Amino acid sequence: MKNNTLLFAALVSVLGWCCISCDSNEQSLNSNYISKPFSVSANKQVKFSQGNLQYTKSTGTWSFAAQQYEMLETAKVKNSVLANKIDLFGWSGSTGFAKWGISLSTSNSHYSDDFADWGQTIGDGKTWRTLTNDEWTYLCSTRSNAASLIGVARIKLDEAGTTYANGLILLPDTWTCPEDVTFKSGFSSEWTVQAYADYQTFTLEQWEKLEAAGAVFLPASGFRLGSGIYFVQLSGRYWSATPGGSYGASCLSFYSDGAGWYYYGRCYGQAVRLVQDL
């Protein structure tokens with residue numbers, strides 16, 4: 001079922017468009033980051049932003065989520081209009097039809113032309129950037145001890161466990177786990193929302209210790225197609241800077257049972273996590 005869904009997602013495209021202009025907020029973009037190094041090639045390391053990229057329509061400003069596990073979920077779309085604050089974007093082609101991917105358009109052609117990096121066109125214009133497909137691949141599967149530095153998990157955000165965030169944890173190149181926390185690398189054998197929790201669950205206090213040690217958390221924020229939101233808490237999709245043909249682009253896509261690199265239509269609203277080179 002999953003493979004069929006991925007194939008369908010890569011091919012679907014229908015008509016419609018909307019355009020919203022944007023502005024910058026350099027201070028908020030440069031205020032938070034994970035300081036530990038992550039290798040993205042044999043000779044390059046990066047540090048991650050403190051949270052997923054967000055855009056606020058009313059002020060025309062960009063920012064990072066206050067917490068790594070933050071995801072806006074179904075508040076992104078209401079009555080077929082994008083919410084005031086969003087964190088799922090179509091691919092950022094340089095065309096003006098859907099600038100920076102801020103659009104409900106489901107026409108891939110509206111996100112076309114050369115890549116306009118969210119990190120290069122906002123903030124200081126130089127510091128933040130989007131990883132390429134090759135860099136995501138190196139980070140997740142090629143760097144030294146890669147298999148031991150990645151794993152799915154649930155963060156329990158309240159004592160009862162009714163509020164939580166599923167996602168993928170990435171550990172820095174040099175990793176020392178806090179003494180009173182156990183991290184289990186790898187993936188579940190099941191493909192469900194509950195499988196994240198069954199594989200491993202951290203309390204908020206435990207997660208804060210992992211984060212202080214340099215862990216990165218990519219929330220399973222799902223994806224948007226037009227005004228529909230899908231797979232929240234089940235899947236995470238993170239855009240790369242790498243195009244695939246005229247109307248596709250590559251992203252890191254993960255579920256509870258694995259991660260891979262797929263080409264989707266550019267109209268899909270997906271998460272963005274920026275990095276800085278070290």
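Before any of the text, the structure's been laid out above.
The notes below deal with the structure included here.

About the thresholds
- Residues numbered from 1 in each chain as written.
- Predicted model: local features only at pLDDT ≥ 70, side-chain atom pairs only at ≥ 80, totals over all residues.
- Heavy atoms only, no water.
- Phe/Tyr/Trp six-rings, centres within 6.5 Å; stacked < 30°, edge-to-face > 60°.
- Helix = DSSP H or I, 4+ residues; strand = E, 2+ residues; numbered from the N terminus.
- Lys NZ or Arg CZ within 6 Å of the ring centre and 35° of its normal.
- Core = buried A, V, L, I, M, F, W, Y, C linked by side-chain atoms within 4.5 Å.
- Buried < 20%, exposed > 50% of the residue type's maximum accessible area, 1.4 Å probe, protein only.
- Pairing = 2+ DSSP bridges.
- Axes fitted to C-alpha atoms, helices over the stretch in contact; angles between N-to-C directions.
- Contact = heavy atoms within 4.5 Å.

**Topic: the packing of aromatic side chains**
- Within this structure, the stated rule accounts for 18 aromatic pairs.
- On the basis of an interplanar angle of 70° and a centroid distance of 6.2 Å, the ring pair of F231 and Y255 is categorised as edge-to-face. Within this pair, whereas F231 is found in the loop between β14 (228-230) and β15 (236-244), its partner Y255 is found in strand β16 (residues 248-255), the two being separated by 24 residues in sequence.
- A network of ring pairs unites the aromatic residues W191, F223, Y230, F231, Y255, Y262, Y264 and Y268 as a single cluster.
- Its end group placed over the ring of Y199, K184 keeps NZ or CZ at 4.1 Å from the ring centre.
- Looking at R237, its charged tip hangs above the ring of F223, at a distance of 3.8 Å from the centre.

**Overview of the nonpolar core**
- Among the nonpolar cores identified, the biggest contains 26 residues, and L53, W62, F89, I102, W118 and W239 are the most heavily contacted of them.
- When contributions to this core are tallied by element, the ones reaching two or more residues are β3 (53-56), β4 (61-64), β13 (223-225) and β16.
- Counting 24 residues, the second largest nonpolar core, distinct from the first, contains F38, L168, L170 and V216.

**What to know about the sheet that holds strand β17 (residues 258-265)**
- The strand order across the open sheet formed by three strands is β15-β16-β17, and the pairing between neighbours is antiparallel. At either margin of the open sheet sits one strand with a lone partner, and together these are β15 and β17. Across the sheet, the axes of successive neighbouring strands diverge by a mean angle of 25°, strand direction being ignored.
- One ladder, built from eight bridges, connects β16 with β17; its direction is antiparallel. In the strand pairing of β17, F254 is matched with A259.
- Contacting β15, β16 and β17, helix α4 (residues 133-142) runs over the sheet at an angle of about 170° to β17.

So far we have only geometry, and geometry alone does not tell us how the molecule works.
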